[in-house]
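# Topology and contacts: notes
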Amino acid sequence: MTFTAHDQQSAILVDEAALRFHLKTPSTSYVMGVVNGGWLAHLYWGRAVRRWNESAPVRYADRGFSGNTDKNDRTFSLDTAPLEYPSYGSTDFRDPAFHFRWEDGASVSEFRYKGYEVKQGRRTLEGLPHVYTEQEAEAETLTIQLYDELKQVSLYLDYVVFPDYDALTRSVRVVNEGDEAFTVEKLTSANVDFRSGDWELLSLYGAHNRERDVERGPIRHGSTVLESRRGASSHQLNPFFALVSPDTTETQGDVYGFSFVYSGSWRGAVEVDQFSTSRVQLGLGTLDFSWEVTPGSSFQTPEVVMVYSSAGLGPMSRTYHRLYNERLIRGSWKGKERPILINNWEATYFDFDEQKLLAIADEAADAGIELFVLDDGWFGRRNDDTTSLGDWYPDTKKLPNGLKGAAEKITSKGLRFGLWMEPEMVSADSELYRSHPDWCLHVPGRRRSESRNQLVLDYGNPDVRNYIIDKLTTVLEESPVSYVKWDMNRNMTEASSRLLPAHRQKETAHRYMLGVYEVMETITTRFPEILFESCAGGGGRFDPGMLYYMPQAWTSDNTDAVSRTRIHYGTSLVYPPSAMGSHVSAVPNHQVGRITPLQTRGHMAMDMNLGYELDPTTFTAEEKAEVSRQTARYKELRPLMQFGELYRLESPYEGESYAVLRTNADKSEAVFLYMHRLADANAPFIRVRLDGLDPDADYRVVDLDQTFGGDELMYTGLDIPMITSDFQSFLWKLEKIT
């Protein structure tokens, strides 16, 4: 076996003679090779192997009704081969990874291997969010060129290997080197052909106020499609899924994670064919999408982050958490502790004035809260949700001293000042809409659907982008703003742009997303010290694309502590706690009407980035004291809560309890959080095993003033006090005895 200059310690090994490519991380191998005269085949992805000598080579047989590319070899068919990036129309009847419509109307392609390149570092995806490197040595990139000789078009498949993070990313760029235009109707970022169908599919489904519920079940013959057609990654299905072996738990089993770094419509699919092999794809949504590629131009897909674990869901999640914390999230807030905030929305909704805000700020400061956030209603004539989106100037009836005056009074109390905005939308009743009715997405002659009494601005229009950048810059320069909540409260309808010709209208939704990314890049770069939090009616656009620009997201509008056990559990499968906003709200809860103890609401909000969403001017003396205890405790535990390694111990999907443990890097400190939903009469005793500790060390459970061996806590567990009422919770710190 002859390798290129990349030695055995390299992340990418190339066997030049066999045209075989072996991508390596400490625990993973990913192998592909060129077979039968130019077809790129997928050979293996799984637990790391030292070298690939084909102990399990791809096998071929004469299969009826599977066509042959060579009439003299009836054993080889694209329909039965494990392909790396399959095409359409030439003997493979499974779901193609891409679909092009040529100028003559045909859509058959034949892309064969042409060459490869290995480089240190990675290529920047201009205009798209992506996992980055801080030094070239952190990653290696393999680019494989597939070429259609007839059409003179190249597909460049990029594989970026991050050895230190045990992950790889995939994306695709199509380049038109011919002399005729063609249309991309589908271009998947990643395709993997597994030689088995014995998997379960784990995905995150939901709805507004019920985001990222975990769903898991066996895959079946035929296709299972997960997608958003909403112009956003969506509340309904998150752009993440995993194939898992049937025996998979938090600590055992094979797990293959796929996470899409994009915030618009997307499509994932798992197809099990006639011979029980599985094809997995993830990429841009295909409904009402196309893109014209003219001669000399190109089109780039967003990237998919792929993580394999041989030891269950826990290691996969911690890999994503570390990678996204350190090489997706950027800027001055990367790795920085997030402040405890109070948001006035559920305290006042639209009904507030400066005095009411200052009264809330006084109480918040006394309770140890660090940031005051002024939510919806501060601009234009915004007394309800029917008006003024787009008119980004302060309402002087509510704020007679302007935004700056109110902000300065609040910051004088020792609080930082934050602001809510919804820059992607416009109200029909607004000065902006009356001046520019064609700036929204719409189809001439058709009704303009108003959801939440608003329309979607056409961010593919540079005039719209420039207007928004100018208005936001003015607001953020004129007032001492240190936090922005960037909201987006409706999905895309009538997705048509007046700037595009008829044959390019299907580019509208993706151009919109590229425009949003451009504006976010401009604003966050212009104001690097501001902490930006993304929001979309809660968790409707909680995805890696947003985290590239804004290091945290509002996890859900549902602030109920019990609902949050499921939301936190599902979200944490792929997204780090540092990215997840979680607030204490009033009871009965505004979303579900449930009454839970203030301590439990505090514990569940402290599980992620702590905030408050209630009116502290109505607190009793006991409630004031409890909130002060919570903020003081959270400041003590904040590094662990936001950036510790997360171990999920008890699933709210499998019983009445939610339990997690966080440890720091050297396992010298840990925090254990337990929450029980409904109590039961004369119930059994409860013990929880604390996975994630150092088994060779002793730990003092500070809140119990007891010491145990790490192995004892991990293997026999820790007793939970008797559950005597609904919604009890416990938050305990552990310290290693040195």
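Small disclaimer: the values here were computed from a predicted structure and weren't measured.

## Here we look at the pairing of strand E33 (residues 669-676)
Among the 8 residues of E33, 7 are classified as buried, and the element is accordingly described as predominantly covered. Where strand E32 (residues 657-663) and E33 come together, 7 bridges link them in antiparallel fashion. Paired with Val 660 across the bridge in E33 is Leu 673. What sits between the antiparallel neighbours E32 and E33 is a turn of 5 residues, in which Lys 667 has the positive phi angle 65°. With 8 bridges joining them, E33 and strand E38 (residues 728-737) adopt antiparallel strand pairing. Within E38, the position partnered with Leu 673 by the bridge is Leu 731.

## What about empty space enclosed by the protein?
Following the criterion strictly, the structure yields 7 cavities of 30 Å³ or more and no others. As a volume, the largest cavity reaches approximately 80 Å³. In terms of lining, the largest cavity is formed by Trp 39, Leu 40, Leu 78, Leu 83, Tyr 85, Pro 86, Ser 87, Phe 111 and Leu 146.

## A closer look at the sheet that holds strand E22 (residues 371-374)
Taken in spatial order, the 8 strands of this closed barrel run E21-E22-E23-E26-E27-E28-E29-E30, and their pairing is parallel. Neighbouring strand axes in the sheet, compared pairwise and without regard to direction, differ in orientation by 30° on average. Two strands pair when backbone bridges link them, and strand E26 (residues 483-486) and strand E27 (residues 531-534) are joined in this way by 4 bridges, in the parallel orientation. Bridge pairing in E27 places Tyr 483 opposite Leu 531. Relative to strand E23 (residues 416-421), helix H6 (residues 462-478) is tilted by about 160°, and along the sheet it contacts E23, E26 and E27.

## What about the sheet that holds strand E2 (residues 20-25)?
Read from one edge to the other, the open sheet built from 4 strands follows the order E1-E2-E3-E4, with strand pairing classed as antiparallel. Of all strands in the sheet, those bounded by a partner on one side alone are strand E1 (12-15) and strand E4 (39-47). Along the sheet, successive strands turn relative to each other by an average axial angle of 15°, direction set aside. In this structure, E1 lies alongside E2, joined through 4 bridges in antiparallel fashion. Considered in E2, the bridge of Val 14 is made with Phe 21.

## Focus on the side chain of Asp 560
Locating Asp 560 in the fold gives a position in the loop between strand E28 (552-554) and helix H9 (561-571). There is a polar contact of 2.8 Å between the side chain of Asp 560 and the side chain of Arg 594. Excluding anything up to four places from it in sequence, Asp 560 contacts Asn 589, Gln 591, Val 592, Arg 594 and Thr 596.

## Things to note about a negative patch on the surface
Residues Asp 696, Asp 698, Asp 711 and Glu 712 make up a contiguous surface patch of negative charge. Tracing the chain through its elements places Glu 712 in helix H12 (residues 710-715). Glu 712 sits in the partly exposed class, given a relative accessible area of 39%.

## Observations concerning the pattern of salt bridges
Here the structure, examined in full by the defined rule, presents 58 salt bridges. Here Arg 216 and Glu 200 are joined by a salt bridge, their closest N and O atoms 2.6 Å apart. With Arg 216 in strand E12 (residues 210-218) and Glu 200 in strand E11 (residues 200-207), this residue pair connects regions lying 16 residues apart in the sequence. Judged by its relative accessible area of 33%, Arg 216 is partly exposed. Each of Arg 633, Glu 636, Glu 669, Asp 703, Lys 733 and Glu 735 takes part in salt bridges that share partners, so that together they form one network.

## A few points about unusual backbone geometry
The omega torsion of the bond from Val 587 to Pro 588 falls at -5°, within 30 degrees of zero and hence cis. Its place among the elements puts Pro 588 in the loop between strand E29 (580-585) and helix H10 (598-606). Although it is not a glycine, Ser 234 adopts a positive phi angle of roughly 95°. Inspection of the secondary structure puts Ser 234 in the loop between strand E13 (222-228) and strand E14 (237-244). In the Ramachandran plot, Glu 494 falls in the positive-phi region, its phi being about 45° despite a non-glycine side chain. By the secondary structure assignment, Glu 494 is in the loop between E26 and helix H7 (508-526).

## Details of the packing of aromatic side chains
In this structure the tally under the stated criterion is 43 aromatic pairs. Note on Phe 730 and Trp 732: the rings are 5.6 Å apart at their centroids and 45° apart in plane angle, and the pair reads as tilted. The two residues Phe 730 and Trp 732 agree in class, both being buried. Chaining the aromatic ring pairs together yields one cluster made of Tyr 30, Trp 45, Tyr 159, Phe 194, Trp 199, Phe 241, Tyr 256, Phe 258 and Tyr 308.

## Thoughts on the layout of surface pockets
For the largest pocket, the calculated volume is near 560 Å³. The wall of the largest pocket is formed by 26 residues, among which Thr 249, Glu 250, Tyr 569, Ser 651 and Glu 654 lie closest to the centre. Elements with a minimum of two residues in the lining of the largest pocket: E12, helix H1 (313-327) and strand E31 (645-650). Take the lining of the largest pocket: its biggest share by element is 4 residues, from E31.

Reading the values: rules and limits
Sequence positions are assigned chain by chain, starting from 1 and proceeding in written order. The predicted origin of the model limits local features to residues at a pLDDT of at least 70 and limits the giving and counting of side-chain atom pairs to 80 or more, whereas totals for whole chains, interfaces and linings rest on all residues. Side-chain metrics rest on all non-hydrogen atoms present in the structure, leaving aside hydrogens and water. Partly exposed describes any residue whose relative accessible area lies between the buried limit of under 20% and the exposed limit of over 50%, with all areas from a 1.4 Å probe on protein chains only and scaled to the type maximum. Helix and strand labels come from DSSP, where a helix needs a run of H or I of at least four residues and a strand needs a run of E of at least two; each type is numbered from the N terminus. When DSSP finds two or more bridges between a pair of strands, those strands are recorded as paired. Cavity: a set of points on a 1 Å grid over the protein atoms alone where a 1.4 Å probe fits but cannot get out. Pocket: an open set with protein on both sides within 12 Å along at least five of seven lines, its lining residues, like those of a cavity, having an atom within 4 Å of a point. Grid points are joined across faces, edges and corners, and a volume is the space filled by probe spheres set on the points. In this description, a line fitted to the C-alpha atoms serves as the axis of each element, helices being fitted only across the stretch in contact, and the angle between N-to-C directions of two axes falls anywhere from 0 to 180 degrees. Every residue pair with non-hydrogen atoms within 4.5 Å of one another is taken to be in contact. By the criterion applied in these results, polar contacts are pairs of N or O atoms within 3.5 Å in which, for protein atoms, one can donate a hydrogen and the other can accept it, and in which residues neighboring in sequence qualify only through two side-chain atoms. Only residues whose relative accessible area exceeds 30% and that form no salt bridge are eligible for patches; like-charged ones are grouped when within 9 Å, while nonpolar side chains (Val, Leu, Ile, Met, Phe, Trp, Tyr) are grouped when within 5 Å. Exposure was quantified through the Shrake-Rupley algorithm and a 1.4 Å probe, taking into account, for residues, occlusion by the shown protein chains and nothing else. Here a salt bridge means any side-chain nitrogen of Lys or Arg lying within 4 Å of a carboxyl oxygen belonging to Asp or Glu. Positive charges come from Lys and Arg, negative ones from Asp and Glu, while His and the chain ends are left out of the count. To locate a charge, take NZ of a lysine, CZ of an arginine, CG of an aspartate or CD of a glutamate. Working definition: a ring pair exists when centres of Phe, Tyr or Trp rings (six-membered ring for Trp) sit within 6.5 Å. Plane angles under 30 degrees give stacked, over 60 give edge-to-face, the rest tilted.

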